[in-house]
Amino acid sequence: MKKYFSSISFCIGFGMIALMSALLLVSLVHLPCEPNAMELTNKLSVPGAAHWLGTDQFGRDILSRAMKGVQISFLIGVLVVVCGGAAGIAVGSFAGYYGGRVDEVIMKLIDAQMAFPGVLLALMLIAVFGNGISNTVLALAIMSVPRFARMSRSGFMKYRDADFVKAEKVRGAGGLRIMFVHILPNLTAELAATASLAFAGAVMSEAGLSYLGMGIQPPDPSLGKMLSEAQDCILRAAWYVLIPAVIIAVLVLGFNLLGDGIQEVNEGR
Amino acid sequence: MMYYCRKAGGLLVTLALVSLITFGVFQILPGNPAYIILGVDADPMQIEALEQSMGLDKPLYQRYFSWIRGLFAGDLGTSFRYQQPVSQLITSGLTVTGSLAVMTMLMTVLIGIPAGIWLAGHGGRKYSVGFSMLSQISLSVPAFCMGIFLINLFSVRLKWLPSIGYISWAEDPAGCMRSLLLPSLSIALGSSAVLIRYVKVSVTNQQKQDYVRTAYSKGLRKSKVMYRHVVRNSLIPVITILGMLTADILGGSIITENVFSLPGIGRLISVSISSRDLPLLQGLVLYLAVIVVLCNFAVDLVYSVVDPRIRLK
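I will try to describe carefully the structure that is included in this document. Nothing here was measured: the structure is a model prediction, and the numbers come from that model. (Residues numbered from 1 in each chain as written. Chains lettered and ligands numbered in written order. Predicted model: local features only at pLDDT ≥ 70, side-chain atom pairs only at ≥ 80, totals over all residues. Heavy atoms only, no water.)

**Looking at the nonpolar core**
Rule in force here: In these notes, a set of buried Ala, Val, Leu, Ile, Met, Phe, Trp, Tyr and Cys residues joined through side-chain atoms within 4.5 Å is what counts as a nonpolar core. Only protein chains enter the accessibility calculation, which uses a 1.4 Å probe. A residue is then buried if its area is under 20% of the maximum for its type, exposed if over 50%, and partly exposed in between. Helix numbers and strand numbers start at the N terminus; a helix is a DSSP run of H or I with at least 4 residues, a strand a run of E with at least 2. Every residue pair with non-hydrogen atoms within 4.5 Å of one another is taken to be in contact.
Counting residues in hydrophobic clusters, the biggest one holds 134 residues, and the most contacted among them are Phe74(A), Phe116(A), Leu123(A), Tyr211(A), Leu227(A), Val18(B) and Ile269(B). Ranked by residue count, the leading element in this core is helix 10 (residues 238-266) of chain A, at 16 residues. Beyond its immediate chain neighbours, meaning those up to four positions away, Val18(B) contacts Ala112(A), Ala115(A), Phe116(A), Leu286(B), Ala289(B) and Val293(B). Formed by 15 residues, the second largest nonpolar core is a distinct cluster that contains Val212(B), Ala215(B), Val230(B) and Val231(B).

The structure is reproduced here in structure tokens:
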């Protein structure tokens, strides 16, 4: 862990995520206002003592909504990384370790999936399953499978002929045991980097989906939804757009930098 | 020749898989699609009629093949929302999305390649740290966020460019460029950051090669070595990245078109989802995926022409 702090990217990313995690922790204990409570007499008020970051066009406290939005972003990011990661590693490890036909079939499927650009696959799945948090997670998790699969495939290919694997085979260890007990722990650092980048991707895609009105449904606050609401009153309250945008950018940037930093140190740059 | 046959075979397999995925996803739709489209309290007669017109009473494989046959004949069914043939809607959307994608790609290349070469040539730590921060920031701000900022700056504050809407090329070429400038810039900022990185790494790697040392030792000037030898060789791998960026740019345009209210594919996608217009959505998804696959195939072909060594691998 200590060696990673030699990378500037890692340090900056770590700082940003620490900041966001602090916001998350505070939001779990205390929110300044009820995020969905409307004060119709107090619409689009500028930041002040009563509402630190002002209110939106329905008179709801922007800070509380943003904090709730951060909670949802973290929740989605974690779930997507866990589900997408588990599926991706499972698929990629078989492709990489066994090679041959298995590899060809799996990689062809992954390539076909990657033909669906950006959020298109997620949009298609949401159209079929309906929106809401769990379907958004499912759609984004499926979207993140290729990233994990490719990473673990190349990792398993690197180690499948290593001496320690041969030794285990001679000892009579089964394929699954070699794959997940012996090879997988060697890929922790690469996996951490991929997970971090996938987290950033999930937060960004969720914001995009919610912006289109397809992800998290109102009245639940989500950063993407806040952006589209803020865009409607950009002429009267330009600062409102900045708040969700900056939070999304800091979250995504933080995890991107963290992932890049881990990669940098691993590759010995 | 073998190489091209193998590539073409791979292309067919990928296209078949893509069409199967697109078709399959819409089949796992829980419940009866006719109910979903018409709503729960629809007339049973209406539902039955719709089921028949959608071919829901036929077995799965027949439906798939008739869909594929329609695809080749340019008939993807009728959109419920617009009451127009899907293929007609897609064609009109493609002209907008296509112009947006071409303009974005041009911007990406015009920003990405010179900046990447420059950064590799002036490889001081000061610049590279500054640049990598800048590129990280432009990669981390989603394209639609960038779009909102650009609207705020150039349309609301400076009033230089229109904030939303689209003017077709046939109507007014200058107006068309103006209406696409902000949307394409908001996508290109992110994708050019990706390109700059690759160009920089590729040029830096080439500079370490033996032939560069030879070129210097026979007395060539730095600029000549760079542009005659290094840049030409290092742009070959960059072609692959351009193929990958096509998917990114099309994906980015789905959301960005909604920010700028452009009547393209992205706009059609969100309308088709919110109005549960499944034939339209299915057609749109398939078209976009096929475009991406074909672009990547074209990139592979170009690559093998530019660098024949690849055919031997």
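**What to know about the environment of Asp220(A)**
Residue and element names in this part refer to chain A. Considering the arrangement of structural elements, one finds aspartate 220 in the loop between helix 8 (188-211) and helix 9 (223-232). Aspartate 220 gets classed as partly exposed once you look at its relative accessible area, which sits at 34%. Between the alpha carbons of aspartate 220 and isoleucine 72 there is a distance of 9.0 Å; along the sequence they are 148 residues apart.

**Looking at the interface of chain B and chain A**
Keep this limit in mind: By buried area we mean the combined loss of accessible area, with a 1.4 Å probe, across both parts when two parts are placed together. Salt bridge, as used here, is a side-chain nitrogen of Lys or Arg placed within 4 Å of a carboxyl oxygen of Asp or Glu. In protein, a polar contact means a hydrogen-donor-capable atom and an acceptor-capable atom, both N or O and within 3.5 Å, with residues adjacent in sequence counting only if both atoms are side-chain atoms; elsewhere, any N or O pair within 3.5 Å suffices. Following the grouping adopted for this structure description, the nonpolar residues are Ala, Val, Leu, Ile, Met, Phe, Trp, Tyr, Cys and Pro, the charged ones are Asp, Glu, Lys and Arg, and the polar ones are all others, Gly among them.
With 47 residues of chain B at the contact, the number on the chain A side is 39 residues. Across the interface of chain B and chain A, roughly 3,700 Å² is buried in total on both sides, 82% from carbon and sulfur atoms. Inspection of the chain B/chain A interface yields 1 salt bridge. Applying the counting criterion to the chain B and chain A interface returns 3 residue pairs in polar contact (both at pLDDT 80 or more). Looking at the side of chain B that touches chain A, the elements with two or more residues in it are helix 1 (2-27), helix 6 (125-140), helix 7 (143-157), helix 10 (222-259), helix 11 (265-274) and helix 12 (278-306) of chain B. Across the side of chain B that touches chain A, the residue classes break down as 34 nonpolar, 9 polar and 4 charged.

**Here's the deal with a nonpolar patch on the surface**
Selection rule: Residues enter a patch when their relative accessible area is above 30% and they make no salt bridge; the linking distance is 9 Å between like charges and 5 Å between nonpolar side chains (Val, Leu, Ile, Met, Phe, Trp, Tyr). The Shrake-Rupley method, run with a 1.4 Å probe, gives the accessible areas here. Residue values count only the displayed protein chains as cover.
A cluster of nonpolar side chains, Phe94(A), Tyr98(A), Val102(A) and Leu176(A), forms an exposed patch at the surface whose accessible area comes to about 360 Å². Residue Phe94(A) is classed as partly exposed on the basis of its relative accessible area, which comes to 32%.

**A short note on the pattern of salt bridges**
All names here are of chain A. Inspection of the entire model under this criterion finds 8 salt bridges over all chains. Residues arginine 153 and aspartate 103 are paired through a salt bridge, measuring 2.7 Å at the closest nitrogen-oxygen approach. Within this pair, whereas arginine 153 is found in helix 5 (residues 133-159), its partner aspartate 103 is found in helix 3 (residues 100-114), the two being separated by 50 residues in sequence. With a relative accessible area of 21%, arginine 153 lands in the partly exposed category. One salt bridge in this structure joins arginine 171 and glutamate 168, with 3.3 Å as the shortest N-O distance. Pair noted here: arginine 171 and glutamate 168 are both in helix 6 (residues 163-171), with a separation of 3 residues, about one helical turn. Residue arginine 171 is classed as exposed on the basis of its relative accessible area of 68%.

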